[in-house]
There are 2 protein chains.
Amino acid sequence: MNEIVYTVTGMSCGHCADAVTGAIGGLTGVEHVSVEVDSGQVTVRSADPLPIESVRAAVDDAGYRLAGA
Amino acid sequence: MNEIVYTVTGMSCGHCADAVTGAIGGLTGVEHVSVEVDSGQVTVRSADPLPIESVRAAVDDAGYRLAGA
C-alpha cells in the first residue's frame, strides 16, 4: 500500500475536486483519492507506486497542474 | 425573444459556469445561456419571459445563488 500527498494548483471549487479525483482515480492501481481544495493537497492511495508522469498527465488533462518535481 | 442578465454568486471556475449553464439551460423555453464567471453575469435568452422563481430554483439546485430580487 502506497500513499502519497501531491499538491495540485488551480482548483477552486468542489467541481474541481471532483475533476481531479476522477482523473487520478482513473489511473490503474489507484485505490483512493482525497482532495482538499483550499490547500491543493491530493492524497492518493495505490497498491503499487504510481509513475509520477502518469499522475502529472492525468492532472494536466483535467486542466490543473501538479506542483513541484 | 427575451434576454435578461442575472447575477449569480459563488461561481469560481469553468465547471461552475457549466453547472449554472446546464441548470438554467434545462428550464422550459430557454434558448441560450452565456456565463461570465468573473463578473457572475449570466445572460439568458428565452422565447417567453421566465418566472424568476424558476431561475432562482435552478441556480439554487446547482449550488449557487441568484443575487438581488
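What counts, and where the lines are drawn
Residues numbered from 1 in each chain as written. Chains lettered and ligands numbered in written order. Predicted model: local features only at pLDDT ≥ 70, side-chain atom pairs only at ≥ 80, totals over all residues. Heavy atoms only, no water. Pairing = 2+ DSSP bridges. Helix = DSSP H or I, 4+ residues; strand = E, 2+ residues; numbered from the N terminus. pLDDT = per-residue confidence, 0-100. Least-squares fit on C-alpha atoms with pLDDT ≥ 70 in both. Contact = heavy atoms within 4.5 Å. Buried area = accessible area lost by both parts, 1.4 Å probe. Polar contact = N/O pair within 3.5 Å; in protein donor to acceptor, adjacent residues only side chain to side chain. Nonpolar A, V, L, I, M, F, W, Y, C, P; charged D, E, K, R; others polar.

Student: If you had to explain the sheet that holds strand 4 (residues 65–66) of chain B to someone new, which residues and values would you point to?
Tutor: All names here are of chain B. Reading across from one edge, 2-3-1-4 is the order of the 4 strands in this open sheet, with antiparallel pairing throughout. Two strands lie at the open edges of the sheet, namely strand 2 (30–36) and strand 4, each paired on one side alone. Where strand 2 meets strand 3 (residues 41–46), 6 bridges bridge the pair, whose relative direction is antiparallel. Its bridge partner being in strand 3, Val-35 is matched across the sheet by Val-42.

Student: Explain the confidence of the model for chain A residue by residue, including any values.
Tutor: Close inspection of predicted coordinates is inappropriate in any region flagged by low pLDDT. In this model, chain A carries an average pLDDT of 95, and 99% of its residues clear a pLDDT of 70 or more. Interface scoring of the predicted complex returns ipTM 0.72; its pTM is 0.83.

Student: Please give an account of the relation of the copies chain B and chain A that cites residues and values.
Tutor: Both copies of the chain are placed relative to one another by a rotation about an axis and a shift along it. When chain B is fitted to chain A, the best match, at an RMSD of 0.0 Å, comes from turning it 180° and sliding it 0.0 Å along the axis. Such a combination of turn and shift is consistent with a two-fold rotation axis. Looking at chain B, 100% of its interface residues are interface residues in chain A too, so the copies touch through the same face.

Student: Account for the pairing of strand 1 (residues 2–9) of chain A, with residues named and values stated.
Tutor: Consecutive residues of a regular strand have side chains that alternate between opposite faces of the sheet. All names here are of chain A. Across 6 bridges, the pairing between strand 1 and strand 3 (residues 41–46) is antiparallel. Across the sheet, Tyr-6 pairs through a bridge with Val-42, a residue of strand 3. Relative to strand 4 (residues 65–66), strand 1 runs antiparallel, the two being bridged by 2 bridges. What sits directly across from Val-8, in strand 4, is Leu-66.

Student: Would you mind going over the interface of chain B and chain A in detail, with residue names and values included?
Tutor: Listed as interface residues are 6 residues of chain B and, on the opposing side, 6 residues of chain A. Around 410 Å² of area is buried between chain B and chain A when both sides are counted, 61% of it from carbon and sulfur atoms. Looking only at chain B, the three residues that lose the most surface to chain A are Ser-12, Cys-13 and His-15 of chain B, adding up to 78% of its buried area. Counting across the chain B and chain A interface gives 3 residue pairs in polar contact (both at pLDDT 80 or more). Looking at side-chain class alone, the side of chain B that touches chain A contains 4 nonpolar, 2 polar and no charged residues.

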